[in-house]
Amino acid sequence: MENTNPSSDNSGRGKTIALIVLVILLVLSVGAIGYLYYQRTLDLEQQRELNTLLEDEKQDLQGQLEGMIQQYDSLRTNNDSINLLLEAEQAKIKRLLSINASNAAKIKLYKKEMQTLRDIMKSYIVQIDSLNTKNKALMAENVEVRKKLQQEQQKASQLEEQKENLSTKVEKASALT
């Protein structure tokens, strides 16, 4: 006799359906995990590239700042107040060099500060050029004034000699009369 019990048939089909649903859920789970792993791998690669770009940018900025320090060194002048200002700007550059710029926001701030320092350096260059021009003009004027002073001293000396000669003549004329 064959067992044709409809409930055992339904029970077998229920187990089969449950097994199929379970397999589908497992396949979907594995697919989702694989997708998340792939995305994570891409994100890590992008992060590495970004870090490399940031490091390159940081190295470039450091090189530019070190160049600016050398430019500030070449701007030395005889004017003590300008030299103090130049030293203060160099200290700012050295402070910027000591900052560990590890993200884009810090590097952007770094660039902005560096541009400000460049603008300040340009204004110092203009001031130094202006002072050098004025200094040359004053030196030329000083030479001219010294020549005139020397000429006037010679005239005064000659006049003093003439005065003494005339005084001697007046005394002799007084003695004669």
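The structure contained in this document is the topic of the report that follows. (Residues numbered from 1 in each chain as written. Predicted model: local features only at pLDDT ≥ 70, side-chain atom pairs only at ≥ 80, totals over all residues. Heavy atoms only, no water.)

1. Quick word on the overall build of the protein
Right, so step 1: Tallying secondary structure elements over the protein gives three helices and zero strands in all.
Right, so step 2: For a compact globule of 177 residues, the expected C-alpha radius of gyration is about 16 Å, and the protein comes in at 46 Å, more than 25% above that figure.
Right, so step 3: Dimensions along the principal axes, computed over C-alpha positions, put the protein at roughly 185 × 20 × 20 Å.
Right, so step 4: Within the protein, the proportion of its 177 residues that are buried is 14%.
Right, so step 5: The contacts in the protein between residues at least 6 apart in sequence include a share of 70% that link residues at least 24 apart.
Right, so step 6: Total accessible area on the protein stands at roughly 14200 Å², and carbon and sulfur atoms take up 58% of it.
Right, so step 7: Side chains of the protein carry 24 positive and 24 negative charges; the gap between the two charge centres is 3 Å. (Helix = DSSP H or I, 4+ residues; strand = E, 2+ residues; numbered from the N terminus. Rg over C-alpha atoms; globule rule 2.2 N^0.38 Å. Buried < 20%, exposed > 50% of the residue type's maximum accessible area, 1.4 Å probe, protein only. Contact = heavy atoms within 4.5 Å. Areas by Shrake-Rupley, 256 points an atom, 1.4 Å probe, with all protein chains shown as cover. Lys, Arg positive; Asp, Glu negative; His and termini not counted. Charge placed at Lys NZ, Arg CZ, Asp CG, Glu CD.)

2. So, the side chain of Gln90
Right, so step 1: You can see Gln90 is positioned in helix H2 (residues 80-98).
Right, so step 2: Apart from the residues lying within four places of it in its own chain, the contact partners of Gln90 are Ile69, Tyr72, Asp73 and Arg76.

3. A short note on the environment of Lys172
Right, so step 1: Inspection of the secondary structure assignment puts Lys172 in helix H3 (residues 104-176).
Right, so step 2: For the pair formed by Lys172 and Ile33, sequence separation is 139 residues and the distance between their alpha carbons is 131 Å.

4. Brief notes about a nonpolar patch on the surface
Right, so step 1: Together, Ile17, Ile20, Val21, Ile24, Leu25 and Leu28 line one region of the surface with nonpolar side chains, adding up to about 580 Å² of accessible area.
Right, so step 2: The residue Ile24 is located in helix H1 (residues 6-74) in this model.
Right, so step 3: Given the relative accessible area of 47%, Ile24 is considered partly exposed. (Patch = residues over 30% accessible without salt bridge, like charges linked within 9 Å, V, L, I, M, F, W, Y side chains within 5 Å. Salt bridge = Lys/Arg side-chain N within 4 Å of Asp/Glu carboxyl O.)

5. Here's the deal with the side chain of Glu89
Right, so step 1: Residue placement: Glu89 occurs in helix H2.
Right, so step 2: When residues no more than four places from it in sequence are discounted, the contact partners of Glu89 are Tyr72, Leu117, Ile120 and Tyr124.

6. Structural notes on the pattern of salt bridges
Right, so step 1: All told, the structure shown has four salt bridges when counted by the stated rule.
Right, so step 2: Two residues, Lys92 and Glu89, come together in a salt bridge whose shortest N-O distance is 3.6 Å. Of this pair, Lys92 and Glu89 are both found in helix H2, three residues apart, which corresponds to roughly one turn of the helix.
Right, so step 3: Between Glu152 and Lys155 there is a salt bridge whose closest N-O contact spans 3.8 Å. Of this pair, Glu152 and Lys155 both sit in helix H3, separated by three residues, roughly a single helical turn.
Right, so step 4: Taking the relative accessible area as the measure of exposure, Glu152 reaches 46% and is therefore partly exposed.

7. What about H2?
Right, so step 1: If you check H2, its first and last C-alpha atoms are 27 Å apart, about what 19 residues at 1.5 Å a residue would give, namely 27 Å.
Right, so step 2: Buried within H2 are the following residues: Ile82, Asn83, Leu86, Glu89, Gln90, Ile93 and Leu96. When H2 is viewed along its axis, its buried side chains cluster within an angular range of 130° and face the same direction. Exposed positions of H2 whose direction lies more than 90 degrees from the buried face are Asp80, Leu84 and Ser98. (Expected span 1.5 Å × (residues − 1). Arc of directions from axis to C-beta.)

8. Describing the nonpolar core
Right, so step 1: Leu65, Met68, Tyr72, Leu75, Leu86, Ile93 and Leu117 are the most contacted members of the largest nonpolar core, which has 18 residues in total.
Right, so step 2: Where this core is concerned, the elements lending two or more residues are H1, H2 and H3.
Right, so step 3: The element contributing the most residues to this core is H3, with seven residues.
Right, so step 4: With residues near it in sequence (within four places) discarded, Ile93 still touches Leu65, Met68, Ile69, Tyr72 and Leu117. (Core = buried A, V, L, I, M, F, W, Y, C linked by side-chain atoms within 4.5 Å.)

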